[in-house]
Amino acid sequence: MNRRHFLRATGLGTAGSMLAVTGCRDSLDANSTASPPPGYRRRDPQQTGATREVHLVAEEGEVEVATGKIYRTWLYNGQFPGPEIRLQEGERLRVTLENQLPEGTTIHWHGLPVPNAMDGVPGLTQQPVMPGTTFTYDFVADPAGSYLYHSHVGLQIDRGLVAPLVVEEKQPHVSYDRDYSLVLDDYLPNTPEPLQASGGMMRRGRRGMMGPGMMQGQTPPYEGLLINGKLPNDPAVFETKRGEQVRLRLMNPSGATTFRVAVGGHRMLVTHTDGQPIEPVTVDALHIGMGERYDVVLAAQNPGVWPIMAAPLEVQAPPAEAVLRYTDVAATQAPPEAVPEGIRGGRVLELSDLQALERPAERTPTRTFDLTLSGGMMSAAWTIVGQAYPDADPLEILEGDVIRLRMVNHSMMLHPMHLHGHFFQVGGALKDTVIVPPHMGRVTVDFLADNPGRWFFHCHNIYHLEAGMAREIRYV
Ligand SMILES: [Cu+2]
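Once a new chain begins, its residue numbering starts again from 1 and follows that chain's sequence as written. Selection of residues for local features in this predicted model requires a pLDDT of at least 70, selection of side-chain atom pairs for listing and counting requires 80 or more, and totals for whole chains, interfaces and linings are taken over all residues.

## Regarding the overall build of the protein chain
Now for step 1: Helix and strand definitions follow DSSP, with helices as H or I runs of at least four residues and strands as E runs of at least two, each counted in order from the N terminus. In terms of regular secondary structure, the protein chain is built from 4 helices and 31 strands.
Now for step 2: Residue burial in the protein chain is summarised as follows: out of 476 residues, 48% are buried.
Now for step 3: Taking the intrachain contacts of the protein chain between residues at least 6 apart in sequence as the baseline, contacts between residues at least 24 apart amount to 77%. In this scheme every C-beta is placed from the backbone, and a residue whose C-beta has 20 or more other C-beta atoms within 10 Å is buried, one with 12 or fewer is exposed, and one in between is partly exposed. Each residue gets a C-beta atom placed from its backbone, and two residues are in contact if those atoms lie within 7 Å.

## Quick notes on the nonpolar core
Now for step 1: The biggest cluster of nonpolar side chains holds 124 residues, and the ones touching the most others in it are Leu165, Leu184, Ile227, Leu250, Leu286 and Ala310.
Now for step 2: Each residue touching Leu165, except ones within four places of it in the same chain, is listed here: Ile85, Trp109, Leu112, Tyr147, Leu148 and Tyr149. Put simply, a nonpolar core is buried Ala, Val, Leu, Ile, Met, Phe, Trp, Tyr and Cys residues tied into one set by C-beta atoms within 7 Å.

## Digging into the environment of Pro235
Now for step 1: Structurally, Pro235 can be placed in the loop between β11 (224-227) and β12 (237-240).
Now for step 2: With 20 C-beta atoms packed within 10 Å, Pro235 lands in the buried category.
Now for step 3: Separated by 88 residues in the primary sequence, Pro235 and Val323 place their C-alpha atoms 6.5 Å from one another.
Now for step 4: With near-sequence residues (within four places) excluded, Pro235 lies in contact with Ile227, Lys230, Glu321, Ala322 and Val323.

## Observations concerning unusual backbone geometry
Now for step 1: The residue after Phe80, namely Pro81, is reached through a cis peptide bond having omega -10 degrees.
Now for step 2: Relative to the elements of secondary structure, Pro81 occurs in the loop between β3 (69-76) and β4 (85-88).
Now for step 3: Along the chain, Asp142 connects to Pro143 via a cis peptide bond; the corresponding omega equals 0 degrees.
Now for step 4: Mapped onto the elements, Pro143 comes out in the loop between β7 (134-140) and β8 (145-150).
Now for step 5: The phi dihedral of Asn228 is positive, around 50 degrees, even though this residue is not glycine.

## Quick word on the sheet that holds strand β2 (residues 51-66)
Now for step 1: Pairs of strands are assigned from DSSP output, requiring at least two bridges between the strands. Across the sheet, 4 strands lie side by side as β3-β2-β5-β7; this open sheet has mixed pairing. Looking at which strands have only one partner, the edges of the open sheet turn out to be β3 and β7. Across the sheet, the axes of successive neighbouring strands diverge by a mean angle of 30 degrees, strand direction being ignored.
Now for step 2: Bridge count between strand β5 (residues 92-99) and β7: 7 bridges; the pairing is antiparallel. Residue Val95 lies in a different strand from β7, and its bridge partner there is Tyr137. Note on method: axes are straight lines fitted to C-alpha atoms, helices fitted across the in-contact stretch only, with angles between N-to-C directions ranging 0 to 180 degrees.

## What about the pairing of strand β18 (residues 293-299)?
The side chains of a regular strand alternate, first on one face of the sheet and then on the other.
Now for step 1: For β18, the buried fraction is high: 6 of the 7 residues fall into the buried class.
Now for step 2: Sheet analysis places strand β13 (residues 245-251) next to β18, joined by 7 bridges and oriented antiparallel. Pairing of Val246 across the sheet is with Leu298, part of β18.
Now for step 3: Here 4 bridges tie strand β15 (residues 268-273) to β18, and the two strands are oriented antiparallel to one another. Residue pairing for β18: Thr273 is matched across the bridge by Tyr294.

## Remarks on the sheet that holds strand β30 (residues 453-459)
Now for step 1: Strand order across the open sheet formed by 5 strands is β23-β31-β30-β25-β28, with mixed pairing between neighbours. Edge positions in the sheet fall to β23 (395-396) and β28 (433-436), since each of these pairs with one other strand and no more.
Now for step 2: When β23 meets strand β31 (residues 470-475), the two strands line up parallel, connected through 2 bridges. Pairing of Glu396 across the sheet is with Arg474, part of β31.

## Structural notes on the confidence of the model for the protein chain
Keep in mind that low pLDDT regions are not for reading the predicted coordinates in detail.
Now for step 1: pLDDT runs from 0 to 100 and stands for how confident the predictor is about each residue. Confidence along the protein chain averages 89 in pLDDT terms, with 87% of residues attaining 70 or more.
Now for step 2: Here residues 1-19 is modelled with pLDDT under 50, and outside its nearest four sequence neighbours on either side it reaches 15 contacts, counting other chains as well.
Now for step 3: Ignoring residues within four places in sequence, the model shows residues 28-32, a span with pLDDT below 50, making 3 contacts including any to other chains.

Rendered as structure tokens:
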């Protein structure tokens, strides 16, 4: 019997436990928590477009990450990244997942607030789809944005079970001529395994790309970093012409890598964070954690062949690279060798730069949770308020609550914290994943509980997730 079951069985609840996370109710008016507040409306997106049917087979296959460099892994429809699903906001998506893998799997529609039963979290919203069986996911694609779909079972993200999901706006707030998805990833040629406690990993004597450093013991043995499944010596190429606007949808479904992204010869106009439109802001570089997405637009006014570079933030390793190539002029430069200025300096996007295009409604929190993020030192566990999921108390809330999560990071690694089923407000922006910086970094987010169910809230470093850095947020 785990701790949770024990507490339920004994009826003790969480009272009296030093470690329990109990929501501090901010209102003393009992009526305010009995039923949703006036004006509250449950999330209920309506289908306004066509129904799209997609068949995805999860199967073993081979991937060529560079010429002659082939490895066997797990894929959607034999592709890596998996096939992009692109549809219009308001369309309905019906995806039949056929599992031909040797173990159970699920698909999570990362960032999209789908109905709870479609969310793809094993043990919480569905049982894993077992080998030889199928499951159909069915939901309305709303709102527009750059999303991801990926397995939510164990460490399967560090196979090849990741792909872009693009819901196009009917009326974008920025204009563009080209629209590309860039999937930033880390490349693990072997079966992913949970990491040991700090010290322990050193014994593994791993080779590969990671240089010496404190974090080496807490990073899987990646052999390189990828953009759209390609190593830098065989890069993905994105074409443009002088005078165009090029929209890049930067997406990070990697297992354990935060990137600093910059483009040679071009500044980036950041237009969306986690798919949601913001007041555009021009920068030379941005940091993108696991699970985050940023859309940027480049003004193509500098003909040539330029590197799009994504350098890892927490480890010493060669960056991922793709190429921006102007097709209407003879290339005046050799293929990129230079490092974009933004990789080392320049204006870096900050959280406070992000201002939603439509200001989120002012809401007063009705329930607040203080969440301490810890781990990486004495044990292999990564915890939230001292508990490692699944032996962790759910955060119990009520429909219509305005929830405040106050996070503080007591560890030496950053944590990209991801909430399923909702966007949260952080500063002036709406996001679903936010980096909580290491060494006592603090981030507070608020969200409206308008999509009932059992929702996962967790670190999107899958090794931290697997070692416990997760909670269920429950209102059913
Ligand atoms: Cu983490």
